[in-house]
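Geometric and topological summary
Read off the chains here:
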Amino acid sequence: SESIDEILENICTNFHRCARSILNRHEGRKTIEISDEYDVQDLLQGIIRLFVDDVRPEDYVPSYAGGNSRTDFHLPKYEMYIETKMTRDGLRDKEVGEQLAIDIARYGDKCRTLVCFIYDKGSFLSNPYGLISDLEALGADRVHVKVYISPI
């Protein structure tokens with residue numbers, strides 16, 4: 001009965017809790033450890049598939065300013081793209097903001113909603129609320145931009 005927006009908000013805001021919980025496996029069994037952006041994408045895709053049947057990973061979008069790109073996920077039923085980032089040394093507020101600003105410009109005419117999910121496992125972001133506000137404002141009239149950061 002929840003909307004896709006509510007589902008994605010719950011998934012993204014609770015992502016870190018999920019990532020931490022799978023580290024402590026019964027009898028020391030192997031697990032997925034979130035160490036880079038691809039790990040974030042793998043876990044996020046698995047969770048989203050619990051709620052959405054048609055999740056298309058790495059969908060190509062037309063070139064923008066001379067460069068081609070792929071969104072991390074496309075949810076065609078909802079006219080939605082999802083772009084993920086994971087902070088690290090060298091990928092903090094400024095760099096994440098610049099990368100996502102390009103993505104917003106690139107995908108803005110291709111979908112109704114662009115969800116930007118930033119996993120800040122190492123607490124590299126100094127002003128997460130400012131980053132959310134700035135990025136969401138970039139969508140303006142072109143596309144609805146929703147930014148989630150976990151943990152925050």
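Residues numbered from 1 in each chain as written. Predicted model: local features only at pLDDT ≥ 70, side-chain atom pairs only at ≥ 80, totals over all residues. Heavy atoms only, no water.

**Some words on the pattern of salt bridges**
Enumeration over the complete set of coordinates arrives at seven salt bridges. Residue Lys94 pairs with Glu98 through a salt bridge whose shortest N-O separation is 3.8 Å. Linking Lys94 with Glu98, this pair stays in helix H4 (residues 93–107), spanning four residues, or about one helical turn. Exposure remark for Glu98: the relative accessible area of 42% places this residue in the partly exposed category. Each of Glu83, Lys85, Asp103 and Arg106 takes part in salt bridges that share partners, so that together they form one network. (Salt bridge = Lys/Arg side-chain N within 4 Å of Asp/Glu carboxyl O. Helix = DSSP H or I, 4+ residues; strand = E, 2+ residues; numbered from the N terminus. Buried < 20%, exposed > 50% of the residue type's maximum accessible area, 1.4 Å probe, protein only.)

**Brief notes about the environment of Ile34**
Within the secondary structure layout, Ile34 lies in the loop between helix H2 (15–21) and helix H3 (37–48). Among the residues examined, Ile34 registers a relative accessible area of 3% and is labelled buried. Along the primary structure Ile34 and Glu136 are separated by 102 residues, whereas in three dimensions their C-alpha atoms are 26 Å apart.

**Describing the pairing of strand S3 (residues 80–86)**
Judged by how many residues are buried, S3 sits mostly within the fold: seven of seven residues are covered. Of the two faces of S3, both are covered, the one formed by Met80, Ile82, Thr84 and Met86 as well as the one formed by Tyr81, Glu83 and Lys85. For S3 and strand S4 (residues 113–119), the ladder comprises seven bridges, and the chain directions are parallel. Across the sheet, Ile82 pairs through a bridge with Val115, a residue of S4. (Pairing = 2+ DSSP bridges.)

**Topic: the nonpolar core**
Within the largest apolar cluster, 25 residues are counted, with the highest numbers of intra-cluster contacts made by Leu8, Phe15, Ile48 and Leu75. For this core, the elements supplying multiple residues, two or more each, are helix H1 (4–13), H2, H3, strand S2 (67–75), S3 and S4. Setting aside its immediate chain neighbours within four residues, Leu75 contacts Ile4, Leu8, Ile48, Val52, Asp54, Val55, Met80 and Ile82. Counting 18 residues, the second largest nonpolar core, distinct from the first, contains Ile104, Tyr107, Cys111 and Ile118. (Core = buried A, V, L, I, M, F, W, Y, C linked by side-chain atoms within 4.5 Å. Contact = heavy atoms within 4.5 Å.)

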